[in-house]
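Observations on the model geometry
So you can see what is in the structure, the chains are spelled out below.
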Amino acid sequence: DVKVTQSSRYLVKRTGEKVFLECVQDMDHENMFWYRQDPGLGLRLIYFSYDVKMKEKGDIPEGYSVSREKKERFSLILESASTNQTSMYLCASSLGQGKMTNTGELFFGEGSRLTVL
Amino acid sequence: AQSVTQLGSHVSVSEGALVLLRCNYSSSVPPYLFWYVQYPNQGLQLLLKYTSAATLVKGINGFEAEFKKSETSFHLTKPSAHMSDAAEYFCAVSTYIPTFGRGTSLIVHP
């Protein structure tokens, strides 16, 4: 069974802390994504990666960075957490079809709910 | 550029009634279209996808969607709602980077 695993389901952090959200997939997928989900706003793309060490900004990259040192692992980093980053974070992966195409199904993790106090 | 509009943030139906969730899209190239479902405290899972093979697409749990190019729509339907269908539903379009709609919460009354 295919699986995307997010390391923490619930986190509580303080303003200014550095936060790491980890995501691992076991499907040998080329593409990996980080989305932020907020009520009424749907899913907004933060970053995505189409290969190891390759990344592209999504719609809302400010305040976030990512790391992809290995194909199966994609980390989201909040350098200095702020209260407006309190949200649900969803990691996803998909089979790669080349950098300029992404027409396949996304497989999602269960999400990491982050609260910043 | 691509975008997705889901009409109605909440849809309420009685158990056994028809479910209709609306999705309109815009895309500069022929799109791939998806419907995902999210149950409480879970990630999203695929319901069905349109990849140009057939305009009427059947998915899991009795859901189906029809691609109408002239209306740029991809509405999701189910003939008879079940209590277990209560969830958040997301329409998505993808050519390069997947873009999601804002979601529609389906409420099913007994």
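Given the structure is predicted, the values throughout are model-derived calculations rather than measurements. (Residues numbered from 1 in each chain as written. Chains lettered and ligands numbered in written order. Predicted model: local features only at pLDDT ≥ 70, side-chain atom pairs only at ≥ 80, totals over all residues. Heavy atoms only, no water.)

**Some points on the interface of chain A and chain B**
- Tallying the contact residues gives 24 residues for chain A and 18 residues for chain B.
- Buried area between chain A and chain B, summed over both chains or domains, comes out near 1,800 Å², and the portion from carbon and sulfur atoms is 56%.
- Taken together, chain A and chain B are joined by zero salt bridges.
- Linking chain A with chain B are four residue pairs in polar contact (both at pLDDT 80 or more), by the criterion used here.
- Those elements giving two or more residues to the side of chain A that touches chain B turn out to be strand 5 (31–38) and strand 6 (42–51) of chain A.
- A per-element tally of the side of chain A that touches chain B places strand 6 of chain A first, with four residues.
- When grouped by side-chain class, the residues that make up the side of chain A that touches chain B number eleven nonpolar, eight polar and five charged. (Contact = heavy atoms within 4.5 Å. Buried area = accessible area lost by both parts, 1.4 Å probe. Salt bridge = Lys/Arg side-chain N within 4 Å of Asp/Glu carboxyl O. Polar contact = N/O pair within 3.5 Å; in protein donor to acceptor, adjacent residues only side chain to side chain. Helix = DSSP H or I, 4+ residues; strand = E, 2+ residues; numbered from the N terminus. Nonpolar A, V, L, I, M, F, W, Y, C, P; charged D, E, K, R; others polar.)

**Quick word on the environment of A:Ile46**
Residue and element names in this part refer to chain A.
- Turning to its location among the elements, Ile46 is positioned in strand 6.
- As for Ile46 and Ser82, which are separated by 36 residues in sequence, their C-alpha atoms are 16 Å apart.
- Once residues lying within four places of it in the same chain are set aside, the contact partners of Ile46 are Trp34, Tyr35, Arg36, Lys57, Gly58, Ile60, Pro61, Tyr64, Leu76 and Tyr89.

**Observations regarding the sheet that holds strand 8 (residues 73–78) of chain B**
Residue and element names in this part refer to chain B.
- Sheet architecture is open: five strands sit in the order 1-3-8-7-6, paired in antiparallel fashion. At either margin of the open sheet sits one strand with a lone partner, and together these are strand 1 (2–7) and strand 6 (56–58). Pairwise comparison of adjacent strand axes, ignoring direction, gives a mean angle of 20° for this sheet.
- Sheet analysis places strand 1 next to strand 3 (residues 19–27), joined by six bridges and oriented antiparallel. Looking across to strand 3, one finds that Leu7 is bridged to Arg22. (Pairing = 2+ DSSP bridges. Axes fitted to C-alpha atoms, helices over the stretch in contact; angles between N-to-C directions.)

**Some words on the state of the cysteines**
- Counted by the stated rule, this structure contains two disulfides over all chains.
- Put simply, A:Cys23 and A:Cys91 are joined by a disulfide, and their sulfur atoms are 1.9 Å apart. Classification of the bridge connecting A:Cys23 and A:Cys91 rests on its S-S torsion, roughly -80°, and on that basis the disulfide is left-handed. Within this pair, whereas A:Cys23 is found in strand 4 (residues 23–25), its partner A:Cys91 is found in strand 10 (residues 87–94), the two being separated by 68 residues in sequence.
- The buried category is assigned to A:Cys23, whose relative accessible area is 0%.
- Judged by relative accessible area, which is 0%, A:Cys91 ranks as buried.
- Linked covalently through their sulfurs, B:Cys23 and B:Cys91 form a disulfide whose S-S length is 2.0 Å. (Disulfide = S-S within 2.5 Å. Buried < 20%, exposed > 50% of the residue type's maximum accessible area, 1.4 Å probe, protein only.)

**Some points on the nonpolar core**
- With 27 residues, the main nonpolar core has B:Trp35, B:Leu48, B:Phe74, B:Leu76 and B:Tyr89 as its most contacted residues.
- Listing elements by their share of this core, those giving two or more residues are strand 2 (10–14), strand 3, strand 4 (32–38), strand 5 (44–50), strand 7 (64–68), strand 8, strand 9 (87–94) and strand 11 (104–109) of chain B.
- Each residue touching B:Phe74, except ones within four places of it in the same chain, is listed here: B:Cys23, B:Leu33, B:Phe34, B:Trp35, B:Leu48, B:Tyr50, B:Val57, B:Ala65, B:Glu66 and B:Phe67.
- Judged by nonpolar contacts, the second largest core, of 21 residues, contains A:Leu11, A:Met27, A:Tyr64 and A:Val66. (Core = buried A, V, L, I, M, F, W, Y, C linked by side-chain atoms within 4.5 Å.)

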